[in-house]
Amino acid sequence: MAIADTNSSDSLPHGALTESSLRTHVWPLFSRVLAEGPKHIYLANHSLGRPLDQTSRDVQEALDAWYATLDHAWGPWMDEIQRFRASIATLIGAHRPDCIVPKTAAGQGLRAVLNSFDDLPRVVATAGEFDSMDFILRTYHHKGRAKVRWVSQRPAADVLSTPRVVAEDVIAAIREEKPQLVLVSHVYFTTGQVLDPAPIIAAAREAGSLVMLDCYHSAGVIPVRFAELDADFAVGGSYKYTRGGPGACWLAVHPRHLPTGDMPEREGKLRTLDTGWFAKKDTFRYERPDEPLLSAGGDAWLESTPAILPFYQARAGLALTLAIGVERLRAYSLEQQAFLASELSARGVRVIGPGADRGAYVLLPRADAPQFCQRLLATGRGVNADSRQGLVRFCPDILTTREDMREAAEIIAGVVGSTP
Ligand SMILES: Cc1ncc(COP(=O)(O)O)c(C=O)c1O
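Procedures and definitions
For every chain, the first residue of its written sequence is number 1, and the numbers climb from 1 along that sequence. Local features are withheld for residues below a pLDDT of 70 in this predicted model, meaning they are given only at 70 or higher, and side-chain atom pairs are given and counted only at 80 or more; totals for whole chains, interfaces and linings count all residues. Heavy atoms from the whole structure form the basis of all side-chain values; hydrogens and water molecules are not counted. Accessible area is worked out with a 1.4 Å probe on protein chains only. A residue is then buried under 20% of its type maximum, exposed over 50%, and partly exposed in between. Under the DSSP-based scheme used, a helix requires at least four consecutive residues in state H or I and a strand at least two consecutive residues in state E, with every element numbered from the N terminus. Each pair of strands is called paired provided DSSP finds at least two bridges between the two strands. Here is how to tell: hold the view so the strands point away, follow the path from the first strand over the helix to the second, and if it runs clockwise the crossover is right-handed. Being near a molecule or strand, for a residue, means having at least one of its heavy atoms within 4 Å of it. Pairs of N or O atoms are called polar contacts if they sit within 3.5 Å, as long as, within protein, a hydrogen donor faces a hydrogen acceptor (for residues adjacent in sequence, only side-chain-to-side-chain pairs). For accessible areas, the Shrake-Rupley method is used with a probe of radius 1.4 Å. Any residue's cover is judged against the shown protein chains and nothing else. Charged residues are taken to be Asp, Glu, Lys and Arg, nonpolar residues to be Ala, Val, Leu, Ile, Met, Phe, Trp, Tyr, Cys and Pro, and polar residues to be all remaining types, Gly included. To pair, rings of Phe, Tyr and Trp, with the six-membered ring standing in for Trp, must have centres within 6.5 Å; the planes then decide the type, stacked if under 30 degrees apart, edge-to-face if over 60, and tilted in the middle. The criterion for a charge sitting over a ring is simple: Lys NZ or Arg CZ within 6 Å of the ring centre, and within 35 degrees of the ring normal. Here the limits of each domain have been adopted from an automatic or database domain assignment. For this analysis, residues touch if any pair of their heavy atoms sits within 4.5 Å. Put simply, buried area is the surface a 1.4 Å probe can reach on two separate parts but cannot reach once they are joined, added for both. One side-chain nitrogen of Lys or Arg within 4 Å of one carboxyl oxygen of Asp or Glu is enough to make a salt bridge. Between the N-to-C directions of two axes lies an angle of 0 to 180 degrees, each axis being a line fitted to C-alpha atoms and, for a helix, fitted only over the stretch in contact. In this scheme the crossing of two helices becomes right-handed for a clockwise turn of the near helix relative to the far one and left-handed for an anticlockwise turn of less than a right angle. For the purposes of this section, nonpolar cores are sets of buried Ala, Val, Leu, Ile, Met, Phe, Trp, Tyr and Cys residues that join through side-chain atoms within 4.5 Å.

Asker: Before we go on, may I ask you to explain the pairing of strand β6 (residues 210–214) in this structure?
Answerer: Within a regular strand, side chains alternate between the sheet's two faces. Buried residues dominate β6, accounting for 5 of its 5 residues. Alternating positions in β6 separate into two faces, Leu210, Met212 and Asp214 on one and Val211 and Leu213 on the other, with burial throughout. Pairing of strand β5 (residues 181–185) with β6, which is carried by 5 bridges, proceeds in the parallel orientation. When the bridges of β6 are listed, Val182 appears paired with Val211. Crossover handedness for the path β5 to helix α8 (residues 198–207) to β6: right-handed. Summarising the sheet, β6 and strand β7 (residues 233–237) pair through 3 bridges and their orientation is parallel.

Rendered as C-alpha cells:
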C-alpha cells in the first residue's frame with residue numbers, strides 16, 4: 001500500500017503493523033521531528049501529535065501559491081478545504097464530504113449547534129466532557145441561553161478503575177428532560193473510557209433529542225462510523241492523533257439536518273446563527289435579498305472567510321492516517337499499550353488499561369499527578385507525559401519503540417519508588 005499522499009515512494013506492507021515495518025516505511029516520513037525534536041521519550045501523543053516532514057512543505061505550498069499567483073491562490077486554497085472535508089468524512093464514516101463543516105475548534109462546532117435552536121435549548125451533557133465544551137455549556141447556562149443538566153460520572157470502584165459515564169444514567173436524564181441536545185464523548189479525555197453511543201442515540205431519538213458526539217479522542221484512534229451510528233452531530237480536530245496541528249477542526253452534521261434548498265426553515269431544517277458570507281447562496285454574486293438565502297447542503301453551515309493554512313497543515317497527517325487505516329493503528333496501539341503495561345507491571349507499577357473499552361493511552365492514578373509528570377521529565381532521558389484529574393496519561397504511537405517503552409517503564413517505576 002503506497003503512502004502516496006505523503007510524498008513517500010516507499011510502501012508499507014499489508015497486514016499488521018510491526019515496529020520494523022514502521023521503522024523502514026514510515027519513520028523516514030518523520031525525519032525532522034526525529035532528528036530535531038527533544039530526546040526524551042514522548043508519550044504525550046494523545047496531546048499533540050508529532051508532525052510529518054511533509055507538513056511544513058504542504059504549508060509552504062499554500063504560501064507559494066499566494067506569492068506566485070496572488071488572488072488566483074483562492075482556487076487551490078478552496079480545493080484544499082474540499083479535500084479536508086472529504087478526508088474527515090472518510091475518517092469518521094460520514095455520509096458525504098459536505099456533511100463536514102470546517103471549524104477552528106470543536107467548541108465552535110458546539111456553539112454553531114446551540115445557536116441553531118429557535119427556543120432556549122435544554123441540554124443534557126455528562127460531567128466528563130472536555131473543559132472547552134463544559135465551559136461553553138456553563139457560559140450559555142449562566143447567561144440564560146441554555147438550560148444544561150449534567151450527568152455525573154459513577155465513581156471509580158477501586159484503584160485500578162476510573163470514574164465512568166454510564167449510558168443508563170444519560171438515558172434516564174434524556175427521558176426526564178427531553179432535551180434538544182445531548183452531548184457525550186465517544187472517548188473520555190481524562191479516563192480514556194470508550195462510550196458506546198448507540199443506546200444513547202436510540203433513547204434520544206425516542207425522546208426527540210439530537211445527539212452530538214465529541215470525537216476528539218476517538219477519530220483516528222477507533223473507527224467512528226458516524227453514518228452507521230446515526231448521530232446528529234460530531235466534533236473533532238486534527239492536532240492529536242492525526243498530526244495536523246491546531247486549527248483544523250470540524251463539525252459533522254447528519255444530512256437530515258442539511259437543507260436541499262436555500263431556506264432551511266421551509267424544510268423544517270436547522271439554521272444556525274453562526275453564519276457568514278461563505279454560507280450564502282451564490283456567495284460571489286453579492287446579492288442581498290431581504291430573506292438571507294443559504295447555500296444548499298453542508299455549505300449552509302459555513303461561516304466567514306476561512307483560515308487556509310490549517311487545512312494544508314492537516315493534510316499529510318490525515319493522508320497518513322487514512323493510508324495506514326484506523327483499524328491497523330488501533331491494533332498496533334493496543335499492542336504497544338499492553339507492552340508498556342507489562343513492562344511497568346514487571347517493575348511493580350500497575351496501570352489502568354489497555355482494553356477494548358479504553359482509548360489510546362494507559363493511566364496511572366496519582367494524587368500528585370502534575371508534580372509526578374514534572375519528575376518524569378526530569379529523570380534520566382525523561383518521559384513526556386501529562387495528567388488530567390489525578391490520572392497520568394501515557395500514549396505511545398507509531399514512532400515509539402519497545403526500547404523507548406522499556407526505558408520509560410524504568411524511569412516511571414523509579415519515580416514511583418522514590419515518592420510517597
Ligand atoms: C474531548 C475533547 N474535546 C475537545 C477538545 C478541544 O476543544 P476546543 O477545540 O474547543 O479547544 C479536546 C482537546 O484536548 C478534547 O480532548
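Asker: Can you help me understand the site of the ligand in this one?
Answerer: Around the ligand, the neighbouring residues are Ala105, Ala106, Gly107, Phe130, Ser132, Phe189, Asp214, Tyr216, His217, Tyr239 and Lys240. Take His217: an N or O atom from its side chain is 3.1 Å from an oxygen atom of the ligand. Look at the ligand: alone it shows 400 Å² of surface, and the protein chains cover 89% of it. Class assignment for the residues of the shell around the ligand results in 6 nonpolar, 3 polar and 2 charged.

Asker: Quick question: what am I supposed to make of the packing of aromatic side chains here?
Answerer: Here a ring pair, both rings aromatic, is described through the centre-centre distance and the interplanar angle of the planes. Taken as a whole, this structure holds 12 aromatic pairs when the rule is applied. Considering the side-chain rings of Trp66 and Tyr67, the 6.4 Å spacing of their centres and the 40 degrees angle between planes classify their relative orientation as tilted. Judged by its relative accessible area of 47%, Trp66 falls in the partly exposed class. Take Tyr67: its relative accessible area is 67%, and that puts it in the exposed class. Summarising the aromatic geometry, the rings of Phe284 and Tyr286 are spaced 6.4 Å apart at their centres and angled 70 degrees between planes, so their arrangement reads as edge-to-face. Linked through ring pairs, Trp66, Tyr67, Trp74 and Trp77 together constitute an aromatic cluster. Directly above the aromatic system of Trp150 lies the positively charged group of Arg138, at a separation of 4.2 Å from the ring centroid.

Asker: Looking at this structure, how should I read the domain arrangement of the protein chain?
Answerer: How big an interface is tends to be reported as the loss of accessible area on association of its parts. Here the protein chain is described as being made up of domain 1 (4–53 + 325–418) and domain 2 (69–318). Each of domain 1 and domain 2 was reduced to a C-alpha centroid, and the two centroids are 29 Å apart. At the junction of the two partners, domain 1 supplies 31 residues and domain 2 supplies 26 residues. Carbon and sulfur atoms supply 56% of the area that domain 1 and domain 2 bury against each other, a total of about 2,400 Å² over both sides. Among the residues of domain 1 in contact with domain 2, Val326, Arg358 and Tyr361 are the three that bury the most area, contributing 21% of the side total. Inspection of the domain 1/domain 2 interface yields 2 salt bridges. When the shortest N-O distance is used, the salt bridge between Arg243 and Asp397 registers 2.8 Å. Our count for the domain 1 to domain 2 interface comes out at 12 residue pairs in polar contact (both at pLDDT 80 or more). Elements supplying a minimum of two residues to the side of domain 1 that touches domain 2: α11 (326–346), β9 (362–365) and β12 (391–394).

Asker: Would you mind going over the packing of helix α4 (residues 74–92) against helix α10 (residues 309–324) with me for this structure?
Answerer: Helix-helix packing is characterised by the crossing angle of the two axes and by the distance between the axes. Contact pair α4 / α10: the axes reach a minimum separation of 10 Å and the direction vectors enclose 35 degrees. Considering how the two elements wind past one another, α4 and α10 form a crossing that is left-handed. Contacts from Pro76, Trp77, Glu80, Ile81, Arg83, Phe84, Ser87, Ile88, Thr90 and Leu91 of α4 reach α10 at Phe311, Tyr312, Ala314, Arg315, Leu318, Thr321 and Leu322. Residue composition of the contact of α4 with α10, by class: 11 nonpolar, 3 polar and 3 charged.

Asker: How do you make sense of the nonpolar core when you look at a structure like this?
Answerer: Taken as a class, soluble globular proteins show a tendency for nonpolar side chains to be buried jointly. One finds Ile92, Val170, Ile200 and Trp250 to be the most contacted residues of the largest nonpolar core, which totals 47 residues. The element contributing the most residues to this core is α4, with 7 residues. Apart from residues no more than four positions distant in its own chain, Ile92 is found in contact with Ile100, Ala219, Val224, Arg225, Phe226, Trp250 and Ala252. With 34 residues, the next largest nonpolar core counts Val123, Phe278, Ala279 and Leu302 among its residues.

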